[in-house]
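Single-letter residue listing:
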Amino acid sequence: MFKYFPHTDADIQAMLDRIGVGSVDALYAAIPESVRFRGDYQLPSEMSEMEVRQLFEKLGSMNKQLTCFAGMGVYDHYAPSVIPQLLQRSEFLTSYTPYQAEISQGTLHYIFEYQSMMAELTGMDVSNASMYDGTTAAAEAMLMAVAAAKKARRVLVTGTMNPLTVKVMNCYAQHHGIELCTLSAKDGMTDLEALKEELTKGDVAGVMVQQPNAFGIVEDFTGFADACHEQKALFMMDCVAADLAVLKTPGEWGADIAVGDGQSLGIPMQFGGPYVGYMCCTEKLIRKMPGRIVGMTKDNRDQRAFVLTLQAREQHIRRQKATSNICSNQSLMALFVTIYMSLMGKQGLKEAAQLSYAGAHYLWDELKKTGRFHLVYNQPFFNEFYVKYDGDVDTLYQRFVEAGFLVARQEEGLVFAVTEKRTKEEIDNLVKIAAL
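Residues numbered from 1 in each chain as written. Predicted model: local features only at pLDDT ≥ 70, side-chain atom pairs only at ≥ 80, totals over all residues. Heavy atoms only, no water.

### Focus: the sheet that holds strand E9 (residues 257-261)
Here is step 1 of the chain: Spatial strand order, E2-E10-E9-E8-E7-E3-E4: seven strands in an open sheet with mixed pairing. The open sheet has two free edges, formed respectively by strand E2 (126-127) and strand E4 (179-183), since each of these has just one partner strand.
Here is step 2 of the chain: The pairing of strand E3 (residues 154-158) with E4 spans five bridges and is classified as parallel. Within E4, the position partnered with Val155 by the bridge is Leu180. (Pairing = 2+ DSSP bridges. Helix = DSSP H or I, 4+ residues; strand = E, 2+ residues; numbered from the N terminus.)

Here it is as structure tokens:
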């Protein structure tokens, strides 16, 4: 009856007795005293709804709103204002997995549409719905490649991959007995000859590359899939979802698995999440894919119906046979990008990508005129580029922040990203600060 009440002293003592610990202090003995909080929590007294709203508005006003020219995996794209309203429709929004198809047709329907759109966007056969974010999707693809290979334990990752993604992959790898090896890069791009050399050493389950890469460069992956498949390894691509509206798809490159973050499909940056990771693959790998797949069928009245078709998750099969421990998939975010793609359509997605491309190249042309910026790699880029600055980078970065602009730091340089939201006036003002 009182399931949200805290534990009683008797409850706590019973649990301590069960695990053989004398007291709560003994339970936390490993935590240094220097990091323990011993004071009282500074919780305010009760407030009315209006007072709570006023408090949070006051706190929110303390944030400094910056115009975003940062990227590195998270992009400030526009989302049509109707999306939040459609998100709240009861036939779509659900708090849990749609196990009962009879009462979950709305949820199953949009998941089916999400999978259809993502498969078309990536040029792959099938899509799941969905993953936590782009980094964990890449890590799950690594596990999937090893599971498909059965014996091989090495996975190669390009040196042009986002370092944050590699960190997450390393975290997964070390606990699954996987050796994650970094491929050398040449002039900011993955070296095909280095890949072939590593593949000939054997024991490679899969190869992961990124498009566009961490430096914003659009790489040419001609021959990569063939090189991988000759050595029985899977070719995997991590791609910015929105960019696939105009770039060559993973399916066209011959990829076996395509992953990435769907945040670029209109999801607000919102302080780092929640986002949605996508994962698509070829049909032959469908049973190795984590998550679930929704299919369309007909009911006993010959009407269209949607059902959970494949569910390779631990709730449905023996835990040791499950492909992943993904047991929740932020389906709300999958609904978000489904509505976004439906509203934008193919042409809208292309126009947004083309505007982003044009804005980035205009910004680079203007920065180049200052004579103080140089591309680190003279390679084709999409809407993001990596530059070195002839001056104090820290001082320049601080000038940008003080002027209301956010850019990204990368080693000793800066990374600029432009989306369709950035106006010519904003770009010109950014260049004025850079030219000081």
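Now that the structure is up, let's keep going.
### A look at the sheet that holds strand E16 (residues 408-410)
Here is step 1 of the chain: Across the sheet, which stays open at both edges, the four strands sit in the order E13-E14-E17-E16 with antiparallel pairing between neighbours. Strands with a single pairing partner mark the edges of an open sheet, and in this sheet they are strand E13 (373-375) and E16. Across this sheet, the average inter-strand angle for adjacent strands is 40 degrees, counted without regard to direction.
Here is step 2 of the chain: Judged from the three bridges that link them, E16 and strand E17 (residues 413-417) form a sheet pairing that is antiparallel. By the bridge assignment, Arg409 is partnered in E17 with Leu414. (Axes fitted to C-alpha atoms, helices over the stretch in contact; angles between N-to-C directions.)

### Considering helix H12 (residues 393-402)
Here is step 1 of the chain: Those residues of H12 lying buried are Val393, Leu396, Phe400 and Val401. All buried residues of H12 fall inside an arc of 140 degrees around its axis, so they share one side.
Here is step 2 of the chain: Along its buried surface, H12 packs onto E13, strand E14 (384-389), strand E15 (405-406), E16, E17 and helix H13 (424-434).
Here is step 3 of the chain: For H12, the N-terminal capping position is held by Asp392, with its side-chain oxygen 2.9 Å away from the main-chain nitrogen of Asp394.
Here is step 4 of the chain: Phi turns positive, to about 95 degrees, at Gly404, one or two residues after H12. (Buried < 20%, exposed > 50% of the residue type's maximum accessible area, 1.4 Å probe, protein only. Arc of directions from axis to C-beta. Contact = heavy atoms within 4.5 Å. Polar contact = N/O pair within 3.5 Å; in protein donor to acceptor, adjacent residues only side chain to side chain.)

### A short note on the environment of Ala119
Here is step 1 of the chain: Within the element layout of this structure, Ala119 appears in helix H5 (residues 105-122).
Here is step 2 of the chain: Exposure remark for Ala119: the relative accessible area of 10% places this residue in the buried category.
Here is step 3 of the chain: Linking Ala119 and Cys281, residues 162 residues apart in sequence, is a C-alpha distance of 8.4 Å.
Here is step 4 of the chain: Leaving out residues up to four positions away in the same chain, Ala119 has contacts with Met124, Asp125, Val126, Ser127 and Cys280.

### A few points about the state of the cysteines
Here is step 1 of the chain: For the structure on display, the rule yields zero disulfides.
Here is step 2 of the chain: The thiol of Cys280 is not disulfide-bonded; the next cysteine sulfur, from Cys281, is found 7.7 Å away. (Disulfide = S-S within 2.5 Å.)

### Concerning the packing of helix H6 (residues 134-149) against helix H7 (residues 163-174)
Here is step 1 of the chain: Closest axis-to-axis distance for the H6/H7 pair is 8 Å, and the angle between their directions is 45 degrees. As the angle between them shows, H6 and H7 are arranged oblique. Every pair of crossing elements has a handedness; the one defined by H6 and H7 is right-handed. Between H6 and H7, the residues in contact are Thr135, Thr136, Ala138, Ala139, Glu140, Met142 and Leu143 and Leu164, Thr165, Val168, Met169, Tyr172 and Ala173, respectively.
Here is step 2 of the chain: For the contact of H6 with H7, the class distribution of residues is nine nonpolar, three polar and one charged. (Parallel < 35°, antiparallel > 145°, perpendicular 65-115°, else oblique. Left-handed = near helix turned anticlockwise from the far one by under 90°. Nonpolar A, V, L, I, M, F, W, Y, C, P; charged D, E, K, R; others polar.)

Just distances and angles here, no functional claims.
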